[in-house]
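Descriptive analysis of the structure
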Amino acid sequence: MTGGPALTGAPPEGAAARVRVSLAERSYDILVGNGLRRRFAAEIAPVLARPRAIVVTDENVAAPYLAPLMADLAAAGVKADSVVLPPGEETKSFAHLERLTGRCLELGLERRDTLIALGGGVIGDLAGFAAAVLLRGVGCIQLPTTLLAQVDSSVGGKTAIDMPGGKNLVGAFHQPGLVLIDPETLDTLDRRQRLAGYAETVKYGLIRDRAFFEWLEANGRAVVDGGGDARVRAIETACAAKAGVVARDERESGERALLNLGHTFAHALETATGYSDRLLHGEAVAIGMCMAFDLSAELGWTGGQEAARVRAHLDSVGLPTAPAAVEGLGLTPAAAIGLMRRDKKVTDGRIAFVLVRGIGDAFVTAAVEEADLEAYLSGVLG
Ligand code: NAD
Ligand code: GLY
């Protein structure tokens, strides 16, 4: 595993791993450790500009985790309020942004106050965006509680809400001041959601770190189902990989686009299924990553055995690996291409794809001819 230069490995009290995101004056730490939630408040208090915060969470996460956090913040001398929102992607909306920002102002939020996002990617993206725009920008701390949020969305400062025309279309880059990850919080998350986050974990191996992929082949089940220290190690490696990419390309002018491996296909599948529970984002990414490997093989960039190996691993943990796994998808190749054209990364009408030369060697290209894409999609979508 490359681990990356951002991994300092210096464990603070209580043996958490520390990953640094190096962005000059916007640099911050990510701490990962089993049981870390019992030290969240102690880690948060010293980094606040003043001891005043608003915790944003959803009903599912509030039930097990909000009361202890509020009590610990109070004990650490932080005056904190909380806002509890309904769970689900629908919460990442303009309506909820308006309610959340309005509530924060009613609570007397000031410029040196901090929003604390306690939850999955929905809460992280919404609270992060609220922090970016409230009073032209207040601090934000991320306490991610899904595997997807722990390996991806809580790190790197992308914040957004969804619009009727598509996901994440209104947002801002706003880096958090601290990210605290307790993998034990995944014990209350259902397995399907953990698997969805696992797809985004595998992504880092497929992009740049073949050794990490090979380690996941041996340890994937323990990461998903919670055996030993495997989760901590996988999350730490994923965060270090993401920290490195974000430090080199914060605003996605180049390398950061690699983190979208599989996502162009995934977004088409998610749009076709209405961004519903029929297909979770991570499930769509698992299928999309297999499609990116298949298309790369069809175009001669990599061998078919690499695609087969990726599919075999994702399949072995229980993730879907082909569009045929989505019941009643009803997506034609032409409709799929139409949806891909609405991707944020389309430039001058050309769709940008993340393709691969093999496991651990991804690259971005806008040079895929539509005829080749259509021929490939005709084979998999029927
Ligand atoms: P989510 O936030 O909706 O969480 C999934 C479900 O799990 C929800 O019902 C939630 O209430 C529940 N939950 C969360 N933590 C729990 C816990 N520990 N125990 C029990 N239940 C828990 O979904 P998600 O998959 O975490 O995030 C998806 C969102 O992330 C999407 O909106 C996507 O666009 C966004 N995202 C953002 C980035 C980024 O870089 N900002 C990257 C990837 C994805
Ligand atoms: N999840 C992709 C990114 O943060 O760029």
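So, a few notes on the structure that sits alongside this text. Not measured: the values here are computed from a predicted model.

1. Considerations on the environment of Ser154
As for its position among the elements, Ser154 is in the loop between helix H5 (147–153) and strand E7 (158–163). Classification of Ser154 as buried rests on a relative accessible area of 2%. For the pair Ser154 and Pro176, spaced 22 residues apart in the sequence, the C-alpha separation amounts to 8.1 Å. When residues no more than four places from it in sequence are discounted, the contact partners of Ser154 are Gln142, Pro144, Ala149, Pro176 and Val179. Looking at Ser154, its side chain comes within polar contact range of the main-chain oxygen of Ala149, at 2.7 Å.

2. Some details on the sheet that holds strand E9 (residues 178–181)
The pairing of strands in a sheet happens through backbone hydrogen bonds and is either parallel or antiparallel. Strand order in the open sheet made by the seven strands is E1-E2-E9-E6-E5-E3-E4, with mixed pairing throughout. The open sheet has two edge strands, strand E1 (17–21) and strand E4 (79–85), and neither has a second partner. Averaged over all pairs of adjacent strands, the angle between strand axes in this sheet comes to 15°, irrespective of strand direction. Note that E1 and strand E2 (residues 28–32) share five bridges and pair antiparallel. Opposite Val19, over in E2, you have Ile30 as the bridge partner.

3. Focus on the packing of helix H7 (residues 210–225) against helix H11 (residues 304–317)
When two helices pack together, their arrangement is given by the angle between the helix axes and by the axis-to-axis distance. Interaxial distance between H7 and H11 falls to 9 Å at its minimum, and their mutual angle equals 30°. By the angle class used here, H7 and H11 are roughly parallel. Seen from above, H7 lies across H11 with left-handed handedness. Of the residues in H11, those touching H7 at Arg210, Phe213, Glu214, Leu216, Glu217, Gly220 and Arg221 are Glu306, Arg309, Val310, His313, Ser316 and Val317. Its residues placed into classes, the contact of H7 with H11 shows four nonpolar, three polar and six charged.

4. Quick notes on the site of ligand 2
Every residue near ligand 2 is listed here: Asp152, Lys158, Lys242, Glu252, Arg256 and Leu259. Here a nitrogen atom of ligand 2 sits 3.0 Å away from a polar atom, N or O, in the side chain of Asp152. With respect to ligand 2, the side chain of Arg256 contributes an N or O atom lying 2.7 Å from an oxygen atom. Compared with its free state, where it exposes 200 Å², ligand 2 has 87% of that area covered by protein.

5. A short note on the packing of aromatic side chains
Under the defined criterion, the tally for this structure stands at four aromatic pairs. For the pair Phe212 and Trp215, a centre-to-centre distance of 6.1 Å together with 15° between the ring planes defines the contact as stacked. Taken together, the positions of Phe212 and Trp215, both in helix H7 and three residues apart, correspond to about one turn of that helix. Considered together, Phe212 and Trp215 belong to a single accessibility category, that of buried residues. Here the aromatic rings of Phe265 and Tyr376 are separated by 6.3 Å at their centres, their planes lie at 70°, and the arrangement is edge-to-face. Linking Phe265 in helix H9 (residues 263–272) with Tyr376 in helix H13 (residues 370–381), this pair joins segments that are 111 residues apart in sequence. Judged by its relative accessible area of 3%, Tyr376 is buried. The structure contains a cluster of three or more aromatic residues connected by ring pairs, namely Phe265, Phe353 and Tyr376. Sitting over the face of the ring of Tyr204, Lys203 holds its NZ or CZ atom 5.3 Å from the ring centroid.

Cut-off values and rules
Residues numbered from 1 in each chain as written. Chains lettered and ligands numbered in written order. Predicted model: local features only at pLDDT ≥ 70, side-chain atom pairs only at ≥ 80, totals over all residues. Heavy atoms only, no water. Helix = DSSP H or I, 4+ residues; strand = E, 2+ residues; numbered from the N terminus. Buried < 20%, exposed > 50% of the residue type's maximum accessible area, 1.4 Å probe, protein only. Contact = heavy atoms within 4.5 Å. Polar contact = N/O pair within 3.5 Å; in protein donor to acceptor, adjacent residues only side chain to side chain. Pairing = 2+ DSSP bridges. Axes fitted to C-alpha atoms, helices over the stretch in contact; angles between N-to-C directions. Parallel < 35°, antiparallel > 145°, perpendicular 65-115°, else oblique. Left-handed = near helix turned anticlockwise from the far one by under 90°. Nonpolar A, V, L, I, M, F, W, Y, C, P; charged D, E, K, R; others polar. Near = heavy atom within 4 Å. Areas by Shrake-Rupley, 256 points an atom, 1.4 Å probe, with all protein chains shown as cover. Phe/Tyr/Trp six-rings, centres within 6.5 Å; stacked < 30°, edge-to-face > 60°. Lys NZ or Arg CZ within 6 Å of the ring centre and 35° of its normal.

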